[in-house]
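Residue-level structural notes
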Amino acid sequence: MGLDYYRILGVDRSAKEDDLKKAYRKLAMKWHPDKNPNSNKEAEAKFKKISEAYDVLSDPQKRAIYDQYGEEGLKGQVPPPGAGGFSGGSDGGPTTFRFNPRSADDIFSEFFGFSSPFGDLGGSRAGGSGFPRGMFSEDFFTSLRGGVGEASSSNMPRKGAPIERALACSLDDLYKGTSKKMKISRDVIDHTGMLTDTGKGEGQEAVFDDILISRRAITTQEILTIEIKPGWKKGTKITFPEKGNEQRGVIPSDLIFIIDEKPHLVFKRDGNDLIYTQKISLVEALTGYTVQVTSLDGRTLTIPVSSIISPAYEEVVKGEGMPIPKEPSKKGNLRIKFNIKFPTKLTSEQKTGMKRLLSSS
């Protein structure tokens, strides 16, 4: 009587793909020959049967033939489902199916991404590559959760989309530079490995006989320090790599803070320049005016303007603007604009006097 593949894997005949994977994962880890150096021959025989059973039942065509004809029919010459009969030649009849058994090591390596996680438990079999860092290494757990290990580069996990948050800064902060501390909360997967006698763990995501791998998300809080450099502009980005929530099979997102500039009561910013608007009367515009303004670092600047000030006039004070980030010793300019207040009405005598004054000039 042929092998009962369903019994070998411990599943019923209606088992789905996930059932087969779960059963194979547990049994392959239990009976891998590298894990059983003291009973290597027995383990190797069981390991091969487990691998063969999984190989057949996980392949729809092989499984259909096995279900109809059993192991003997599968390993003989039988037609694939729907072929309508047997054929032994190339005379135009139905094509035949020939069972080609796969290596147990190949099946294991394809499933887990490496040939053996038990390289430190007594040595690997002749011809086997083993896994050089041992079953409790970070590489082992990374491989099991779908991460990128040394032997599983084809299983590249995707990276989460970046998380962007505005970081409001005053113009004073951007002028002088400052440090800001931001408190964040994020989900972190707690990967813990522990020994168990039962081989089963209710509610655990993965069980490998005597290894339990627990993956539970815990919320952690962290304080991030953001160094604001003098002269930074709105839109500047500060990136904290992989500070997003952890998820299985996903590289955590980058957390990006984007500088946003708060409006200032006195100054407006234009690139590296600062703009200050001074209200003056028409008389002051015509006769001269001395501007006094307190800079962002607290100094009082006194700027005399002797020219006639028109509505479009602009007084430029070099080197009193914003710091230039790439050239810390240099600054932009302070540009002083004027809002001239014109009189709402003039008397006849004032109009006559203005005409006489202006016409004589």
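Heads up: these notes are all about the structure in this document. (Residues numbered from 1 in each chain as written. Predicted model: local features only at pLDDT ≥ 70, side-chain atom pairs only at ≥ 80, totals over all residues. Heavy atoms only, no water.)

**Focus on the sheet that holds strand S8 (residues 237-240)**
Reading across the sheet, the three strands line up as S4-S10-S8 and stay open at both edges, with mixed pairing between neighbours. At either end of the open sheet lies a strand with only one pairing partner, and these are strand S4 (163-169) and S8. Recorded for the sheet is a direction-independent mean angle of 25° between the axes of neighbouring strands. Bridge count between S8 and strand S10 (residues 255-261): four bridges; the pairing is antiparallel. Pairing of Phe 240 across the sheet is with Leu 255, part of S10. (Pairing = 2+ DSSP bridges. Helix = DSSP H or I, 4+ residues; strand = E, 2+ residues; numbered from the N terminus. Axes fitted to C-alpha atoms, helices over the stretch in contact; angles between N-to-C directions.)

**Re the pattern of salt bridges**
What the rule picks out here adds up to 19 salt bridges. Each of Asp 270, Asp 273, Glu 314, Arg 335 and Lys 337 takes part in a single network of salt bridges with overlapping partners. (Salt bridge = Lys/Arg side-chain N within 4 Å of Asp/Glu carboxyl O.)

**Observations concerning the nonpolar core**
One finds Ile 228, Phe 257, Ile 259, Phe 267, Leu 334 and Ile 336 to be the most contacted residues of the largest nonpolar core, which totals 34 residues. Here this core gets four residues from one element, more than from any other, and that element is strand S18 (residues 334-341). If you look at the next biggest cluster of nonpolar residues, it comprises 27 residues, including Tyr 6, Ala 23, Tyr 66 and Phe 99. (Core = buried A, V, L, I, M, F, W, Y, C linked by side-chain atoms within 4.5 Å. Buried < 20%, exposed > 50% of the residue type's maximum accessible area, 1.4 Å probe, protein only.)

**Things to note about a nonpolar patch on the surface**
A surface patch of nonpolar side chains, amounting to about 550 Å² of accessible area, comprises Leu 286, Ile 308, Leu 346, Met 354, Leu 357 and Leu 358. The dominant element in the nonpolar patch, judged by the number of residues it contributes, is helix H9 (residues 348-360), at three residues. Along the polypeptide, Ile 308 turns up in the loop between strand S14 (300-305) and strand S15 (314-317). (Patch = residues over 30% accessible without salt bridge, like charges linked within 9 Å, V, L, I, M, F, W, Y side chains within 5 Å. Areas by Shrake-Rupley, 256 points an atom, 1.4 Å probe, with all protein chains shown as cover.)

**Quick word on the packing of aromatic side chains**
What the rule picks out here adds up to seven aromatic pairs. Pairing Tyr 24 with Tyr 54 gives two aromatic rings, centres 4.5 Å apart and planes at 20°, and the pair type is stacked. Of the two residues, Tyr 24 sits in helix H2 (residues 17-31) while Tyr 54 sits in helix H3 (residues 40-57), which places them 30 residues apart along the sequence. Neither residue differs from the other here; Tyr 24 and Tyr 54 are each classed as buried. Judged by centre distance (6.0 Å) and plane angle (90°), the rings of Phe 240 and Phe 257 are edge-to-face. Taken together, the residues span a long stretch of sequence, with Phe 240 in strand S8 and Phe 257 in strand S10 at a distance of 17 residues. (Phe/Tyr/Trp six-rings, centres within 6.5 Å; stacked < 30°, edge-to-face > 60°.)

**Some remarks on the pairing of S10**
Regular strands show a simple pattern: their side chains alternate between the two faces of the sheet. Pairing of S4 with S10, which is carried by seven bridges, proceeds in the parallel orientation. Looking across to S10, one finds that Glu 164 is bridged to Ile 256.

**Considering the pairing of strand S11 (residues 267-270)**
Only one face of S11 is covered, namely the one carrying Phe 267 and Arg 269; the face carrying Lys 268 and Asp 270 has none of its residues buried. Across four bridges, S11 lies against strand S12 (residues 273-281) in antiparallel orientation. Opposite Phe 267, over in S12, you have Tyr 276 as the bridge partner. In textbook terms, the turn of a hairpin is the stretch between consecutive antiparallel strands, and for S11 and S12 this stretch comprises two residues, one of which, Gly 271, has a positive phi near 65°.

**Quick look at unusual backbone geometry**
Although it is not a glycine, Glu 242 sits at a positive phi angle of roughly 55°. Judged by its relative accessible area of 40%, Glu 242 falls in the partly exposed class.

**Some thoughts on the environment of Glu 71**
Structurally, the position occupied by Glu 71 is in helix H4 (residues 60-75). Considering only alpha carbons, one finds Glu 71 and Tyr 5, 66 residues apart in sequence, at a separation of 8.6 Å. Leaving out residues up to four positions away in the same chain, Glu 71 has contacts with Gly 2, Leu 3, Tyr 5, Glu 52 and Tyr 66. Within the structure, the side chain of Glu 71 is placed 2.6 Å from the backbone nitrogen of Leu 3, a separation counted as a polar contact. (Contact = heavy atoms within 4.5 Å. Polar contact = N/O pair within 3.5 Å; in protein donor to acceptor, adjacent residues only side chain to side chain.)

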